[in-house]
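Listed here are the chains, written in short residue letters.
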Amino acid sequence: MDRNISTTRKYPDIIFLSLAGIITGILLAYNGISLSFLILLPIVLSFWATVFNRRFLVFTFFLLISSLQTFQQTAIPATHISRATIEKINGLSGKVLRCRETSFAVRYVILVNEYHLNDKTVHKTSGKVRLTSGNARVFPVGSFISARNVSLQEIPPPKNPGESDFRREMYKQRCFIEGKAGDIVLLSPYANRLTYIFGSIRKSLSRRLDKSFLYFPEERALLETMTIGRQDIPYFLTERGKRSGIYHLLVVSGLHLTFLVLFLRILFIPFRNLNNRYPKFFPSVSLLVLWLYAGITGFNIPVVRAVLMMSFFFLGEILEQEINGFQSISFAAILVLLLNPLNLFDVSFQLSFAATAGILFFIKRYGITVKNKFGTELLVSLGAQVSVLPLIMYHFGMFYPIGFVSNLVFPTLAGIILLFFPLFLVLPFLFIPLRLLLSLFLYLACLVAQVSYGIKVELSLLLAILMYLFIFLCFNRMKIKKKIASMFLVVLTASYFLLFPYVVKKPAEKHLYLLSLKKPAVIFINGYQMTTFLSDSYRRQETENVLIPFLREKKPAEVSLFYTDISYNHIGTFNAIKGQVRNKKVFEHESVKKSLFYPYLSVYCYNNSDVPFAFLDTGVKIPISDLQIEILGEEKGKLSYAITKENKTILIAPYIGQEIAEKIKNRRFYIACIWDMKTTVKVKRLLENLQFDYLILPKKLKKFQVFDSIDKTFYLSQSAVIVNFSTHPWTVGYYNPPPP
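So, a few notes on the structure that sits alongside this text. Nothing here was measured: the structure is a model prediction, and the numbers come from that model.

A short note on the overall build of the protein chain
The helix and strand inventory of the protein chain stands at 25 helices and 23 strands. Viewed in the frame of its principal axes, the protein chain has a C-alpha envelope of about 95 × 70 × 70 Å. Within the protein chain, the proportion of its 740 residues that are buried is 47%. Sequence separation of 24 or more characterises 64% of the internal contacts of the protein chain that already satisfy a separation of 6 or more. Carbon together with sulfur atoms contributes 61% to the accessible area of the protein chain, which is approximately 38800 Å² in total. The centroid of the 84 positive side-chain charges in the protein chain is displaced by 7 Å from the centroid of its 47 negative side-chain charges.

As structure tokens, this is what we get:
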């Protein structure tokens, strides 16, 4: 008895040590550690492990392997395509790594092996290129293609402050170049015959869905996304999935494979005698079907992770060995990272493994106390949601609490749909109940998304790690006093890093931002006060991807809003700003009172809003912060302003017609911002005497040729323009974020 007690494990399992070594090696090599140090460190640690505990030799071995593999993938050789003169390249060839078809184009990620210059010379190379083609033909993953008449450039930085940096995601994949191709031809089909078979099956299933759901495009998109997977999930599904907290159901993963195995078990009920006689028959068939399904869905990371875990489970049944859940998920992570170390930085990899680990942890911790199916579903939902919460806040900065409730209902509905799908392929008359289930899923998702409220919390990497530590301490088996003390220490540390930016006073920001949007977006910042000149509404993607992230980044205490056009509903920009910061006041032009919409606005906005509105007439001057704002007038529903700051005047003119041109002729502006103008001879003649030091235009157009003599001209089509008021004289330049 005593001997059995003394055999308690004192050191981590070999599989966990292997995974820790792989992750450590990847992080060291990815962050630019020199090759000599990457080789020397495992050697030194190996001597230490030999003396103290040889079990840790596994850690040092995988540390060396993963660091060298990551160094090899991240190193940029002299022949890399990013080192070539990309302006002279007119053709390239290589292997398709990823393919995404959109409504008007096809986007490829190509592993390039050679490129062609304008002088018809051919050069061997390496590296990845993101290529867009309008060619109607689609060449699947694994094909070798040749792109002609290409125009390449470095992946551009974001155009506006706060906007997500697409370069960061592509740089993680070591892709630095993008471009367009005039024509793409096939050099050779799939190098792997299995890839061709999987692609053919996927196309056949897609054509079947096109034929059956011809008049139900939304249901068809949902069914394809949930069953065979899509890289380009439609926008309406993405938004409903995120807001309702069920986006993971739209990505083929472990839950979908669980229902696939359930379907196989139901299918094998008539053959239970055969399965009892040959107990290894069902696990063998299940393994084959799982990997076939993974191939059809494209071997995406969540699918591969789930298939690997289930494979270990079925291999345990075949070999009559019991495999621990945490060991299987660790072994799956080891295989995925050894195949491609950069998968560690993939969001889907992190979310998939974190959710599975959370489910296993909660089942192991509380599974004994659960007595019914509802309790099990609640435990699985809680484990998955809690374990991915820090990652969601770190990557997306938004969390929808309603997901805890919706995940008690939607997984069951999704499971019924997944069980109906293979039956529908064999029995077409099941189309009607399947469509009704899909419509119900969409209706409920839309209903939940409408009442869902998002909590905005942006975590740094350090705070995300501290949050995971707090969650672990909260649900771990520890003595109460020790647990409370540890949790208090974590909260104290997190509070320090949260409050530190507010304690340390930053110098007050004094800038003018002209954002790169289709409509005018001019923002003055003076410390924590913000004065904005914005359109009544922008495209939804511009609001969500540019305007709202900008407000989150700057965190103003209050905002004064001036419209650059006549507003008839106040549901666009007004609501977007109201949801982020406190609106101090909204200024409108008197002409809105003459519109047919004024009675509606008076009832629903002006008299019942907690934000005060002010109506200004042409020629009125009003002081806001350190600005003197003059209303120049309204033309074609567009409002123009002249803003004076430190005896310098800035012109904001969404549209210049004859009336505005008469008012600004012979005036001098330090900065003139013009978005549109009337092209009559009289207007051009009036603007010939307009004087300014800097000119800002949306893009280079023929209508603006009257200003061609101006040297200091900036175009918002290139990027946002920033004016720094802290320098003397003011500095004007493009927004240029640092490289990731």
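Points about the packing of helix α7 (residues 217–227) against helix α8 (residues 235–244)
In the contact formed by α7 and α8, the axes pass within 10 Å of each other and the chain directions differ by 65°. Viewed along their axes, α7 and α8 adopt a mutual orientation that is roughly perpendicular. With respect to the hand of their crossing, α7 and α8 are arranged in right-handed fashion. Where α7 abuts α8, its residues Glu218, Ala221, Leu222 and Thr225 lie against Phe236, Leu237 and Arg240. Each residue belonging to the contact of α7 with α8 can be placed in one class, and the counts come to four nonpolar, one polar and two charged.

A look at a nonpolar patch on the surface
A cluster of nonpolar side chains, Leu35, Ile39, Ile43, Phe47 and Leu68, forms an exposed patch at the surface whose accessible area comes to about 430 Å². Relative to the helices and strands, Leu68 is located in helix α4 (residues 57–74). Classification of Leu68 as partly exposed rests on a relative accessible area of 32%.

A closer look at the side chain of Ser719
Here Ser719 lies in the loop between β21 (713–715) and β22 (721–724). Here the side chain of Ser719 touches Tyr735 through a polar contact of 3.5 Å, landing on its backbone nitrogen. Each residue touching Ser719, except ones within four places of it in the same chain, is listed here: Lys159, Ser516, Tyr734 and Tyr735.

Re helix α14 (residues 347–366)
Between its first and last C-alpha, α14 extends 28 Å over 20 residues, near the 28 Å set by a 1.5 Å rise per residue. The set of residues buried in α14 consists of Val347, Phe349, Gln350, Ser352, Phe353, Ala354, Ala355, Thr356, Gly358 and Phe362.

Some details on the sheet that holds strand β11 (residues 529–534)
Strand order across the open sheet formed by eight strands is β14-β13-β12-β11-β10-β9-β22-β23, with mixed pairing between neighbours. Looking at which strands have only one partner, the edges of the open sheet turn out to be β14 (613–616) and β23 (731–734). If you compare each strand with its neighbour and ignore which way they point, the axes differ by 15° on average. The pairing of strand β10 (residues 521–526) with β11 spans six bridges and is antiparallel. Residue pairing across strands places Phe524 opposite Thr531, the latter belonging to β11. Here helix α21 (residues 540–554) sits on the sheet and contacts β9 (510–514), β10 and β11; the angle it forms with β11, its principal contact strand, is near 165°.

Notes on empty space enclosed by the protein
In total, this model carries three cavities of 30 Å³ or more according to the counting rule given. The computed volume of the largest cavity comes to approximately 60 Å³. Along its surface, the largest cavity is lined by His511, Phe524, Ile525, Asn526, Gln529, Met530, Thr531, Ser625, Asp626, Leu627, Lys645 and Phe725. Of the residues that constitute the lining of the largest cavity, the class distribution is five nonpolar, five polar and two charged.

Describing the sheet that holds strand β19 (residues 668–674)
Here seven strands make up an open sheet; going across it, the order is β15-β16-β17-β18-β19-β20-β21 and the pairing mixed. Lying at the two open borders of the sheet, with one neighbouring strand each, are β15 (621–624) and β21. Strand after strand, the sheet turns through a mean of 20° between neighbouring axes, direction not considered. When β19 meets strand β20 (residues 691–697), the two strands line up parallel, connected through five bridges. By the bridge assignment for β20, Arg668 is matched with Gln691.

A word on the pattern of salt bridges
If you walk through the whole model with that rule in mind, you get 19 salt bridges. When the shortest N-O distance is used, the salt bridge between Lys665 and Glu662 registers 3.4 Å. Assessed through its relative accessible area of 32%, Glu662 is described here as partly exposed. Connected via shared salt-bridge partners are Asp210, Arg220, Glu224 and Arg230.

A look at the packing of aromatic side chains
Across all of its chains, the model carries 33 aromatic pairs by this definition. Their ring planes at 85° and their centres at 5.2 Å tell us that Phe61 and Phe62 sit as a pair that is edge-to-face. Seen from their ring centres, Phe313 and Phe314 are 5.4 Å apart, and the 65° between their planes marks the pair as edge-to-face. Under the relative-accessibility criterion, Phe313 is labelled partly exposed at 47%. Take Phe314: its relative accessible area is 2%, and that puts it in the buried class.

Here we look at the layout of surface pockets
Computed from the structure, the second largest pocket encloses a volume of approximately 490 Å³. Residue lining of the second largest pocket: 19 residues in total, with Leu260, Tyr293, Phe421, Pro422 and Leu425 positioned closest to the centre. Only α6 (193–212), α9 (254–267), α11 (281–296) and α17 (410–426) provide two or more residues apiece to the lining of the second largest pocket. In terms of residue count, α17 provides more of the lining of the second largest pocket than any other element does, six residues in total. Classifying every residue of the lining of the second largest pocket gives 17 nonpolar, two polar and no charged.

Calculation notes
Residues numbered from 1 in each chain as written. Predicted model: local features only at pLDDT ≥ 70, side-chain atom pairs only at ≥ 80, totals over all residues. Heavy atoms only, no water. Helix = DSSP H or I, 4+ residues; strand = E, 2+ residues; numbered from the N terminus. Buried < 20%, exposed > 50% of the residue type's maximum accessible area, 1.4 Å probe, protein only. Contact = heavy atoms within 4.5 Å. Areas by Shrake-Rupley, 256 points an atom, 1.4 Å probe, with all protein chains shown as cover. Lys, Arg positive; Asp, Glu negative; His and termini not counted. Charge placed at Lys NZ, Arg CZ, Asp CG, Glu CD. Axes fitted to C-alpha atoms, helices over the stretch in contact; angles between N-to-C directions. Parallel < 35°, antiparallel > 145°, perpendicular 65-115°, else oblique. Left-handed = near helix turned anticlockwise from the far one by under 90°. Nonpolar A, V, L, I, M, F, W, Y, C, P; charged D, E, K, R; others polar. Patch = residues over 30% accessible without salt bridge, like charges linked within 9 Å, V, L, I, M, F, W, Y side chains within 5 Å. Salt bridge = Lys/Arg side-chain N within 4 Å of Asp/Glu carboxyl O. Polar contact = N/O pair within 3.5 Å; in protein donor to acceptor, adjacent residues only side chain to side chain. Expected span 1.5 Å × (residues − 1). Pairing = 2+ DSSP bridges. 1 Å grid on protein atoms, 1.4 Å probe; cavity = no way out; pocket = protein on both sides within 12 Å on 5 of 7 lines; lining within 4 Å. Points joined across faces, edges and corners; volume = space filled by probe spheres on them. Phe/Tyr/Trp six-rings, centres within 6.5 Å; stacked < 30°, edge-to-face > 60°.

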